[in-house]
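For reference, the chains in residue letters:
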Amino acid sequence: MNRIDRLTAILTHLQSKRTVRAAELSERFSVSLRTIYRDVRALEESGVPIIGEAGQGYSLVEGYRLPPIMFTREEALAFLVADKLVEKLLDEQSSKFFKEALIKIKAVLKSSEKDLLVEVQDTIKVLKSGPSQAANKSSKAFQVALLAISEKRILATSYMTFDPERKSDRELEPIGLFHSYEQWYLLAFCRLRNDYRTFRLDRFSKMQVTENSYSTAKHPSLQTYLDKIASEQKLHQIILEVPDGSLKYLANSKYNNGFVSEEKMGGLTEMTFMNSSIEGFVRWVIALGDLVVIKQPQILKNRLDELLGEIKERQYTAGDRSESRGHCL
């Protein structure tokens with residue numbers, strides 16, 4: 001990126017947030033802090049009203065705006081892709097807000113870019129995976145949780161735990177929302193347990209924003225908490241041996257199971273995973289059937305043997321019951 005393009009991009013970045021730190025701009029444009037200081041000084045000398053506070057960052061004088069920005073062909077196409085993804089990933093209400101914002105963005109596109117979006121509109125599809133019922137539940141909870149976070153209000157909820165299945169009423173101090181394993185989760189301080197908990201949005205049967213507020217000062221940030229959880233998890237190193245012809249069957253799910261790396265060995269590939277749940281991983285391996293061989297750890301091999309035995313016993317027992325009912329008839 002040449003300097004003129006970078007100066008324009010810095011000005012655009014300054015308009016996107018109330019305050020922007022020099023370190024953030026340095027990382028964003030892959031230049032040194034000294035270069036950022038020179039660029040900001042150049043913008044100031046050209047008449048751009050920038051306020052700089054030590055330790056706080058840069059901001060534009062309230063009310064200063066650039067005229068509508070023109071987008072490139074590639075940026076216009078990126079909006080279309082984002083629109084397709086948002087439609088499937090976000091809840092219904094957030095998707096609606098995004099589409100309304102996107103209409104305003106499209107209004108400043110050149111005629112050729114508008115024609116391009118119409119032309120390729122139906123050539124991009126994002127297929128929805130996962131049950132629609134769960135998605136609908138997540139959709140309802142997402143906006144409520146987002147409102148509570150923005151207003152720092154306590155949530156009154158009813159939540160169904162997974163194992164064992166048990167419903168409980170809880171007051172939550174929401175910290176943040178994150179998407180993982182094709183699900184939306186809420187991180188919150190649970191007053192019932194007096195500790196931080198992660199909740200799957202589609203397992204809430206009730207969620208209401210109360211009038212009671214809470215202070216965020218005593219809580220860690222969402223990223224801080226997620227980093228802490230990751231460092232505390234006991235991760236198992238798992239190595240699978242996969243014939244090269246079968247790799248395609250693992251491509252879409254390997255990252256959800258802790259994929260780290262792979263190494264080619266003739267016609268085979270050794271895939272390394274780091275995963276905290278032996279039980280969850282072995283059930284994924286069973287779904288792959290004869291496509292993989294477990295190299296390590298032994299604990300995973302042992303659990304696979306046990307689970308296969310349990311499956312065999314259950315199927316034979318169920319078959320015997322069916323035969324008995326048939327004789328009775």
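Residues numbered from 1 in each chain as written. Predicted model: local features only at pLDDT ≥ 70, side-chain atom pairs only at ≥ 80, totals over all residues. Heavy atoms only, no water.

Let us look at the pattern of salt bridges. This model, assessed by the stated rule, comprises 14 salt bridges. A salt bridge links Glu-306 to Arg-303; the nearest nitrogen and oxygen atoms lie 3.3 Å apart. Within this pair, Glu-306 and its partner Arg-303 are both found in helix α10 (residues 298-328), separated by 3 residues, close to a single helical turn. When its relative accessible area of 46% is taken as the criterion, Glu-306 is described as partly exposed. (Salt bridge = Lys/Arg side-chain N within 4 Å of Asp/Glu carboxyl O. Helix = DSSP H or I, 4+ residues; strand = E, 2+ residues; numbered from the N terminus. Buried < 20%, exposed > 50% of the residue type's maximum accessible area, 1.4 Å probe, protein only.)

What follows concerns the packing of helix α2 (residues 22-29) against helix α3 (residues 33-45). With their axes 9 Å apart at the nearest point, α2 and α3 run at an angle of 105° to one another. Here α2 is positioned roughly perpendicular relative to α3, judged by the angle of their axes. For the pair formed by α2 and α3, the contact residues are Ala-22, Ala-23, Leu-25 and Ser-26 on the first element and Leu-33, Ile-36 and Tyr-37 on the second. Taken together, the residues of the contact of α2 with α3 sort by class into 6 nonpolar, 1 polar and no charged. (Axes fitted to C-alpha atoms, helices over the stretch in contact; angles between N-to-C directions. Parallel < 35°, antiparallel > 145°, perpendicular 65-115°, else oblique. Contact = heavy atoms within 4.5 Å. Nonpolar A, V, L, I, M, F, W, Y, C, P; charged D, E, K, R; others polar.)

The subject of this paragraph is the sheet that holds strand β7 (residues 204-213). With antiparallel pairing, the 5 strands of this open sheet are ordered in space as β6-β5-β4-β3-β7. Looking along the sheet, the strands with just one partner apiece sit at the ends: β6 (195-200) and β7. Between one strand and the next, the sheet's axes are offset by a mean angle of 45°, whatever the strand orientation. Examined bridge by bridge, strand β4 (residues 167-180) and strand β5 (residues 183-190) share 8 bridges and lie antiparallel to one another. Along β5, the bridge assignment pairs Ser-180 with Gln-183. (Pairing = 2+ DSSP bridges.)

A cluster of nonpolar side chains, Leu-235, Val-260 and Met-274, forms an exposed patch at the surface whose accessible area comes to about 230 Å². Structurally, Met-274 can be placed in strand β10 (residues 268-275). A relative accessible area of 32% places Met-274 in the partly exposed class. (Patch = residues over 30% accessible without salt bridge, like charges linked within 9 Å, V, L, I, M, F, W, Y side chains within 5 Å. Areas by Shrake-Rupley, 256 points an atom, 1.4 Å probe, with all protein chains shown as cover.)

Mapped onto the elements of the fold, Arg-203 is located in the loop between β6 and β7. When its relative accessible area of 17% is taken as the criterion, Arg-203 is described as buried.

All right, on to the environment of Gly-57 then. Tracing the backbone shows Gly-57 in strand β2 (residues 57-60). Note on Gly-57: relative accessible area 15%, which makes it buried. Distance in space between the C-alpha atoms of Gly-57 and Arg-18 is 9.6 Å, their sequence separation being 39 residues. Beyond its immediate stretch of four places on either side in the chain, Gly-57 contacts Thr-19, Val-20, Arg-21, Ile-51 and Gly-52.

This brings us to the sheet that holds strand β9 (residues 259-265). Spatially, 4 strands are ordered β9-β10-β8-β11 in an open sheet, and the strand pairing comes out antiparallel. A single partner strand is all that each edge strand has here, and the edge strands are β9 and β11 (293-296). Here the average twist between neighbouring strands, direction ignored, is 25°. As paired elements, strand β8 (residues 236-243) and β10 share 8 bridges and run antiparallel to each other. Bridge pairing links Gln-237 to Met-274 in β10.

What follows covers the packing of helix α1 (residues 3-16) against α2. Taken N-terminus to C-terminus, the directions of α1 and α2 make an angle of 130°; their axes are 11 Å apart at the nearest point. Judged by the inter-axis angle, α1 sits oblique to α2. You can see that α1 and α2 cross each other, and the crossing is right-handed. Listed contacts from α2 to Arg-6, Ala-9, Ile-10 and His-13 of α1 are Glu-24, Leu-25, Arg-28 and Phe-29. Residues that form the contact of α1 with α2 fall into these classes: 4 nonpolar, 1 polar and 3 charged. (Left-handed = near helix turned anticlockwise from the far one by under 90°.)

Take the nonpolar core next. Grouped together as the largest cluster of nonpolar side chains are 20 residues, with contacts concentrated most on Leu-240, Phe-273, Phe-281, Trp-284 and Val-292. Elements with a contribution of two residues or more to this core: β8, β10, α9 (278-288) and α10. With 6 residues, the single largest contributor to this core is α9. Within the second largest apolar cluster, 17 residues are counted, among which are Leu-11, Ala-22, Leu-25 and Ala-42. (Core = buried A, V, L, I, M, F, W, Y, C linked by side-chain atoms within 4.5 Å.)

All right, on to the side chain of Thr-269 then. Residue position: Thr-269 is located in strand β10. The exposure class of Thr-269 is buried, given its relative accessible area of 0%. Separated by 3.4 Å, the side chains of Thr-269 and Lys-264 make a polar contact. Setting aside residues up to four positions removed in sequence, Thr-269 forms contacts with Leu-240, Glu-241, Val-242, Asp-244, Leu-247, Glu-262, Glu-263 and Lys-264. (Polar contact = N/O pair within 3.5 Å; in protein donor to acceptor, adjacent residues only side chain to side chain.)

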